[in-house]
Amino acid sequence: MNKRQREQLEARLKALPKSEQDRLFRQAAAQRTDDQKRRRSERKRYEDLDAPRPGSSKRKVDPVREYALRLLAAELAAGRHEDAGGASPVPDSTQTGRVLFMGKRRCLVRPDDGGEDFECRLGADLAGRQQAELCVGDRVSFVRATDERHDADEVVQVLPRKTVLTRRDPRTGEARAIVANVDAVVIVVSVVSPPLHPRLIDRYLIAIEDSWVEVPGSHADDPDPAQAIIAVNKIDLLDDLTPEERERELAKLEPYRAIGLPIVECAAQTGRGMDELRALLAGRIVAFVGHSGVGKSSITNALDERLGARTAQVGAAANRGRHTTTSSQLYEITPDSGETFWVIDTPGIRYFALEELTPAQLRDSMPELRRLRRGCQFNDCTHTHEPGCAVREAVERGELHPARYDTYIRLLEEIARGPRPPDERIRPLPDEA
Ligand code: GDP
Ligand code: ZN
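Counting restarts for each chain: residues are numbered from 1 in the order of the written sequence. Following the order in which they are written, the chains are lettered starting with A and the ligands numbered starting with 1. Side-chain atom pairs in this predicted model are given and counted only at pLDDT of 80 or more, local residue features only at pLDDT of at least 70, and totals for whole chains, interfaces and linings cover all residues. The basis for every side-chain value is the complete set of heavy atoms in the structure, and neither hydrogens nor water enter the calculation.

A. Highlighting the coordination of the zinc ion (ligand 2). Distances define the donors: N, O and S atoms within 2.8 Å of the metal qualify, as do those within 3.2 Å of Na, K or Ca. Water is excluded, so some sites may look unfinished. Those donors, Cys376 (SG), Cys381 (SG), His383 (ND1) and Cys389 (SG), are the protein atoms that reach the zinc ion (ligand 2), and they lie 2.2 to 2.4 Å from it. Spacing between the donor residues of the zinc ion (ligand 2) along their common chain follows C-x4-C-x1-H-x5-C. A simple rule labels every residue: compare its accessible area, found with a 1.4 Å probe on the protein chains alone, to the largest value its type can have, and call it buried under 20%, exposed over 50%, or partly exposed in between. Given a relative accessible area of 1%, His383 falls into the buried group. Its relative accessible area of 3% is what places Cys389 among the buried residues.

B. Representation of the site of ligand 1 within the structure. The cutoff for a nearby residue is simple: one of its non-hydrogen atoms must lie within 4 Å of the molecule or strand. What surrounds ligand 1 is a group of 15 residues, the closest being Asp236, Gly293, Lys296, Ser297 and Ser298. Asp236 is positioned with one of its side-chain polar atoms (N or O) 2.8 Å from a nitrogen atom of ligand 1. Whenever a nitrogen or oxygen atom comes within 3.5 Å of another N or O atom, the pair is scored as a polar contact, on the condition that within protein one atom can donate a hydrogen and the other can accept it, and that pairs from neighbouring residues in sequence are kept only if both atoms are in side chains. Here an oxygen atom of ligand 1 and a backbone polar atom of Lys296 are 2.8 Å apart. Each helix is a run of H or I in the DSSP string that is no shorter than four residues. Each strand is a run of E no shorter than two, and both are numbered from the N terminus. Looking at which element gives the most residues to the shell around ligand 1, the answer is helix α10 (residues 296–303), with three residues. Note on residue categories: nonpolar means Ala, Val, Leu, Ile, Met, Phe, Trp, Tyr, Cys or Pro, charged means Asp, Glu, Lys or Arg, and polar means any other residue, Gly included. Taken together, the residues of the shell around ligand 1 break down into four nonpolar, eight polar and three charged.

C. Layout of the side chain of Asp202. As for its placement among the helices and strands, Asp202 is situated in helix α6 (residues 198–209). Leaving out residues up to four positions away in the same chain, Asp202 has contacts with Tyr256, Arg404, Thr407 and Arg410. Residue contacts are defined here by distance: any two heavy atoms, one from each residue, within 4.5 Å place the two residues in contact.

D. Representation of the pattern of salt bridges. Any Lys or Arg side-chain nitrogen found within 4 Å of a carboxyl oxygen on Asp or Glu counts as a salt bridge. Throughout the structure, instances matching the rule amount to 25 salt bridges. Close ionic contact of Arg65 with Glu10 constitutes a salt bridge, the shortest N to O distance being 2.9 Å. Of the two residues, Arg65 sits in helix α3 (residues 63–77) while Glu10 sits in helix α1 (residues 3–15), which places them 55 residues apart along the sequence. Look at Glu10 and you get partly exposed, because its relative accessible area is 24%. Where Glu414 meets Arg203, a salt bridge forms, and the shortest distance between an N and an O atom there is 2.8 Å. You can see Glu414 sitting in helix α16 (residues 402–417) and its partner Arg203 sitting in helix α6, a full 211 residues away along the chain. We classify Arg203 as buried; its relative accessible area is 4%. A single network of salt bridges, built from pairs that share partners, joins Asp202, Glu368, Arg404 and Arg410.

E. Local environment of the environment of Pro63. If you trace the backbone, Pro63 turns up in helix α3. For the pair Pro63 and Ala28, spaced 35 residues apart in the sequence, the C-alpha separation amounts to 9.0 Å.

F. Here's a closer look at the packing of α6 against α16. Every axis in this analysis is a line fitted to C-alpha atoms, fitted for helices over the stretch in contact. Angles between the N-to-C directions lie between 0 and 180 degrees. Between α6 and α16, the least distance of the axes is 11 Å, while the angle of their chain directions is 80°. Taken together, the axes of α6 and α16 lie roughly perpendicular to each other. Each of Arg199, Asp202, Arg203, Leu205 and Ile206 in α6 lies in contact with α16, whose residues at this interface are Arg404, Thr407, Arg410, Leu411 and Glu414. Working definition: roughly parallel below 35 degrees, roughly antiparallel above 145 degrees, roughly perpendicular at 65 to 115 degrees, and oblique for all remaining angles.

Listed below in structure tokens is the structure:
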């Protein structure tokens, strides 16, 4: 659960009668003991249960309290405690909607009830924390000026997120949300010009893997991040290569096929692969990431057969407020053939980098390793030299692609070496840095 959810739950917990609080804590303690027993039989160490997920910024909290809050969340979701008072998460006079566009201290909101998009000011409390707390794709609650008690349209609260992509502020080191609630992230790479860069894919994958948001009832061992999709653009340029060169270029994708990532070979210029991409994106909120020059704009333009309409729509929004073209925006694509989907375009995401990770964070950010490590003899196995390492055994048995293991080892070495040379980073725009 995120900080906001936790605060809400803490408030609800406090508002409950003492007897109910006691009951929750008793149930929580019993549930935790059960979990510990189960874990122990899975050869997990006792203290591991309460350890925060390495790499996550989630605070360490009293473990029984954590269980109690989750129980309470489940009970609230089931409609229990309805008569118990306390602040309901969304008071009656507020409505909900989605942020399409972020400006300074204001944003463009599309109401859930189908009303027109409107510009909304951020509540004083939110405005102060805007960079970290609110971003395009967020679902928010808001009040309208038409409501007699409010004199301005104002965002009151950010609703719990499904996913969030963050980038560390190079100055403060603090994580900043770039986009929220994307269902999928398309990593755009090109062949030949620029050539395929597996290292970039690896970095993006790690950031995407880390996009999950802890919600009540979920567990760090079973996160639910945005889906990663690889679009290999400029596939037409392979025609100019010799068969050997072509094979060498495409072989770089093997490890990603091996872990089951959808890979779409496409050419924005000829329209190849666009139907396949549209089908993968149907009904979802997506973001495109990738080095400049790989063809992100060309692809989004090619996906949208009614580009004229989209440009006009963004133009209208920009005229209404103080938005600039470098701001993030969410726009709708309704192709002639296929279902609507939503694209979040932000300068921030084009340049979001794999920031300095710890080895534990790295281990945690690769889903194959996360899955396999349960079989390692040591709980803190680094999968490099330890006996009984399930990861290395999987490589030997051919169940984990050697290239993915190499990626892990290489990134681990990079971490040990310290900051990377600038040309290996995905650099932020000057105004983002
Ligand atoms: P972005 O920086 O990722 O948004 O990339 P752009 O969409 O601006 O494209 C960069 C360059 O690649 C442009 O000159 C495009 O014309 C070219 N390009 C895009 N898609 C293709 C393609 O499918 N095949 C070829 N050969 N060139 C492409
Ligand atoms: Zn291991």
